[in-house]
Amino acid sequence: MHRRTRLSLRSSSINDKENEHEQAQLTASPIKRRSKVPDNSVKDAELPEEDGASSPKKVARKAGRPRALSPAVEDVEEPKDGAHGTGAADLVGKLPEREKEYDELVGFVEGVLSSDGSGSLYISGPPGTGKTATLQRILNHPSFAKKLKPVYINCTSIKSVGSIYKKISEELGLKVGGTTEKQYQGAIEAHLERKHKTIMLVLDEIDQLSSSKQTILYSIFEWPARPTARLILIGIANALDLTDRLLARLQARCELKPQLIQFLPYTKQQIVAILKASLEESNSLSRFPEAALGLLAAKVASTSGDIRRALFIARRLVESAKKEDRKTGSSGAPTVVSMGQVMAVLKQVYGASQTLGNDLEEGFPLQQKILICSLMLMLKHGKNKDITVGKLYDVYKAICTKRNIQAVDQTEFISLCTLVETRGIVRLQGKKEPRMHRVCLQWDEQEVTSALNDKQLIASILSDVSCLGK
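Residues numbered from 1 in each chain as written. Predicted model: local features only at pLDDT ≥ 70, side-chain atom pairs only at ≥ 80, totals over all residues. Heavy atoms only, no water.

### Some points on the overall build of the chain
Summing up its helical and strand segments, the chain has 19 helices and 7 strands in all. By residue count, 52% of the 470 residues in the chain fall in the buried class. Here the contacts in the chain between residues at least 6 apart in sequence split such that 76% fall between residues at least 24 apart. Of the accessible surface of the chain, which amounts to about 22,100 Å², a share of 50% is contributed by carbon and sulfur atoms. (Helix = DSSP H or I, 4+ residues; strand = E, 2+ residues; numbered from the N terminus. Buried < 20%, exposed > 50% of the residue type's maximum accessible area, 1.4 Å probe, protein only. Contact = heavy atoms within 4.5 Å. Areas by Shrake-Rupley, 256 points an atom, 1.4 Å probe, with all protein chains shown as cover.)

### Describing empty space enclosed by the protein
This structure, assessed with the given rule, holds 3 cavities of 30 Å³ or more. A volume near 50 Å³ is recorded for the second largest cavity. Lining the second largest cavity are Ile 168, Leu 172, Ile 188, Leu 192, Ile 199, Leu 201, Trp 223 and Leu 231. At the level of elements, helix 7 (164–172), helix 8 (181–193) and strand 3 (198–204) are the ones that each hand at least two residues to the lining of the second largest cavity. Its residues placed into classes, the lining of the second largest cavity shows 8 nonpolar, no polar and no charged. (1 Å grid on protein atoms, 1.4 Å probe; cavity = no way out; pocket = protein on both sides within 12 Å on 5 of 7 lines; lining within 4 Å. Points joined across faces, edges and corners; volume = space filled by probe spheres on them. Nonpolar A, V, L, I, M, F, W, Y, C, P; charged D, E, K, R; others polar.)

### Some remarks on the packing of aromatic side chains
For the structure on display, the rule yields 4 aromatic pairs. Ring centres of Tyr 165 and Trp 223 lie 6.1 Å apart, and the angle between their planes is 50°; on these two criteria the pair is classed as tilted. Residue Tyr 165 is found in helix 7, and its partner Trp 223 is found in the loop between helix 9 (215–222) and strand 4 (231–237); the two are separated by 58 residues along the sequence. Both rings, one in Tyr 393 and one in Tyr 396, keep their centres 6.0 Å apart while their planes meet at 35°; by these two values the pair is tilted. Linking Tyr 393 with Tyr 396, this pair stays in helix 16 (residues 389–402), spanning 3 residues, or about one helical turn. Of the two residues, Tyr 393 and Tyr 396, both sit in the buried class. The structure contains a cluster of three or more aromatic residues connected by ring pairs, namely Tyr 393, Tyr 396 and Phe 413. (Phe/Tyr/Trp six-rings, centres within 6.5 Å; stacked < 30°, edge-to-face > 60°.)

### A short note on the sheet that holds strand 5 (residues 259–262)
Spatially, 5 strands are ordered 2-3-4-1-5 in an open sheet, and the strand pairing comes out parallel. On the outer flanks of this sheet lie strand 2 (148–154) and strand 5, each paired with one strand and no other. Adjacent strand axes in the sheet meet at a mean angle of 15°, parallel and antiparallel pairs treated alike. Relative to strand 3, strand 2 runs parallel, the two sharing 7 bridges. Pairing of Leu 148 across the sheet is with Thr 198, part of strand 3. (Pairing = 2+ DSSP bridges. Axes fitted to C-alpha atoms, helices over the stretch in contact; angles between N-to-C directions.)

### Quick notes on helix 8
With 13 residues, helix 8 should reach 18 Å at 1.5 Å per residue; the first-to-last C-alpha distance of 19 Å fits that figure. Next to the buried residues of helix 8 lie helix 7, strand 3 and helix 9. (Expected span 1.5 Å × (residues − 1).)

### Brief notes about the packing of helix 12 (residues 290–303) against helix 14 (residues 339–349)
Here helix 12 crosses helix 14 at 15°, and the two axes come no closer than 9 Å. Relative to helix 14, the element helix 12 is oriented roughly parallel. Note on packing geometry: the crossing formed by helix 12 with helix 14 is right-handed. Here Ala 291, Ala 292, Leu 295, Leu 296 and Lys 299 of helix 12 lie close against helix 14, whose contacting residues are Met 339, Val 342, Met 343 and Leu 346. Partitioned by chemical class, the residues of the contact of helix 12 with helix 14 number 8 nonpolar, no polar and 1 charged. (Parallel < 35°, antiparallel > 145°, perpendicular 65-115°, else oblique. Left-handed = near helix turned anticlockwise from the far one by under 90°.)

### Quick look at the environment of Lys 369
Here Lys 369 is to be found in helix 15 (residues 366–381). Taking the relative accessible area as the measure of exposure, Lys 369 reaches 10% and is therefore buried. In sequence terms Lys 369 and Leu 457 are 88 residues apart; their C-alpha atoms lie 8.5 Å from each other.

### What to know about the pattern of salt bridges
Applying the stated criterion to the full structure yields 15 salt bridges. Note that Glu 171 is salt-bridged to Lys 167, the shortest N-O span being 4.0 Å. Pair noted here: Glu 171 and Lys 167 are both in helix 7, with a separation of 4 residues, about one helical turn. Assessed through its relative accessible area of 15%, Glu 171 is described here as buried. Bridged by salt links that share partners, the residues Glu 189, Glu 193 and Arg 226 form one connected network. (Salt bridge = Lys/Arg side-chain N within 4 Å of Asp/Glu carboxyl O.)

### Side note on the nonpolar core
Counting 37 residues, the largest nonpolar core has Leu 371, Ile 372, Leu 392, Tyr 396 and Phe 413 as its most contacted members. Counting residues per element, the ones that place at least two in this core are helix 15, helix 16, helix 17 (410–422), strand 6 (426–429), helix 18 (445–452) and helix 19 (455–462). (Core = buried A, V, L, I, M, F, W, Y, C linked by side-chain atoms within 4.5 Å.)

### Brief notes about helix 13 (residues 307–328)
Here helix 13 spans 32 Å end to end across 22 residues, near enough to the 32 Å set by a 1.5 Å rise per residue. Backbone nitrogen of Arg 308 and a side-chain oxygen of the N-cap are separated by 2.9 Å at the start of helix 13; the cap is Asp 306. (Polar contact = N/O pair within 3.5 Å; in protein donor to acceptor, adjacent residues only side chain to side chain.)

### Some remarks on the environment of Asp 325
Tracing the chain through its elements places Asp 325 in helix 13. A distance of 2.4 Å separates polar atoms of two side chains, one belonging to Asp 325 and the other to Thr 335.

### What about the side chain of Thr 156?
Inspection of the secondary structure assignment puts Thr 156 in the loop between strand 2 and helix 7. In this structure Thr 156 comes out as buried when scored by relative accessible area, which is 15%. A polar contact is formed between the side chain of Thr 156 and the side chain of Asn 154, at a distance of 2.5 Å. In this structure Thr 156 touches Glu 205, Gln 208, Gln 410 and Thr 411, once residues within four positions along its chain are discounted.

### With respect to unusual backbone geometry
Positive phi, close to 45°, is recorded for Arg 230, a residue that is not glycine. Along the chain, Arg 230 turns up in the loop between helix 9 and strand 4. Looking at Arg 230, the relative accessible area reads 24%, which means it is partly exposed. Unusually for a residue other than glycine, Asn 404 sits at a positive phi of about 55°. Within the secondary structure, Asn 404 is located in the loop between helix 16 and helix 17.

Printed below as a string of structure tokens:
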């Protein structure tokens, strides 16, 4: 049985490898999740300083298409070797090719504020399409900042589904006479009954609040229907059908049904426009021929439409060209990125599965190896053998941090567990929220060691009991 299972590894390795690259290998430095929306996200010179100077929508139109790119790049990492590539960190909030979605959001918020009422909105779209960055731009605009009390929570940062009430209470600065889930929920609902400034509650990765009966999601989405709530509830997730699939009862009541806005993946033309703006800003556009840009944009658009990935690859190619200049000491024309270099990087990023050798271990990407080794470490040296996805993630993250390896976030880790489960190595059990699923190892240590064929990695992790914590 195990032999037959292992024979199926090769057929699943292509999909796993591609998934693996999308999840982890492209990141040069750890992605930092914010628990609050930063107050300095928008630094556009064109934005008015006075509250009544202009509406956000008008300002966006006056500004036209920004020259710099780093908009929808919610977590673009800085280039290595001290290079300052695109200057992405200084340009959060400028969102080229996302003005339509921006206008829709502005219209929704302005409509709720003008009616002095409440409303709910669900934003869907794949990673890297500008969902969070667009909301940051709106929350930090002066014309909204004085009218709204912003509360931004990334739901992957909470320990359990029920602790969302405690997190919201803390963000609102509420005094709660207890520590139970019901008491925190009661404090929030009592606050919504009192006179207060309109609250914009943004729940990023809201699918993490999913549970067996969806009681918490239902209770939160019912808040805007309260007469005195003055609440703008915005949920963000990747899935397009989350509200239909998990919250079917909302569809039956018009006052509870959230408005939907979808952020589509970036197209080839949009990616080319953003890359050109980025390269021009960093004085690197001359290094990228039009054909090379088109090839890069076409591949990213056809695979994921994730602008962060396109920016990362472009910066990687530019840094390689600059490194070549430094090696040769050339003071003449700068080194130009060739089509061959673009294809080589794209093959490395997206098409590595096409160059797999005959060795079985090449079907295991690094992140999957670390996940499996983390589970083996917990089973071998951990006190509690009842391992959940959440506990496994904590150990996995500690192992990655200690080895200076980029760890995926909790949402991606759950997908990673599912990928490993399809190989037959582990089994996930449970009907509650994904982080509470039990993880059971199906193979014995000898079989896993033989399949991974990486004795050095296995030995180093299995001996590192410090990653288990207390």
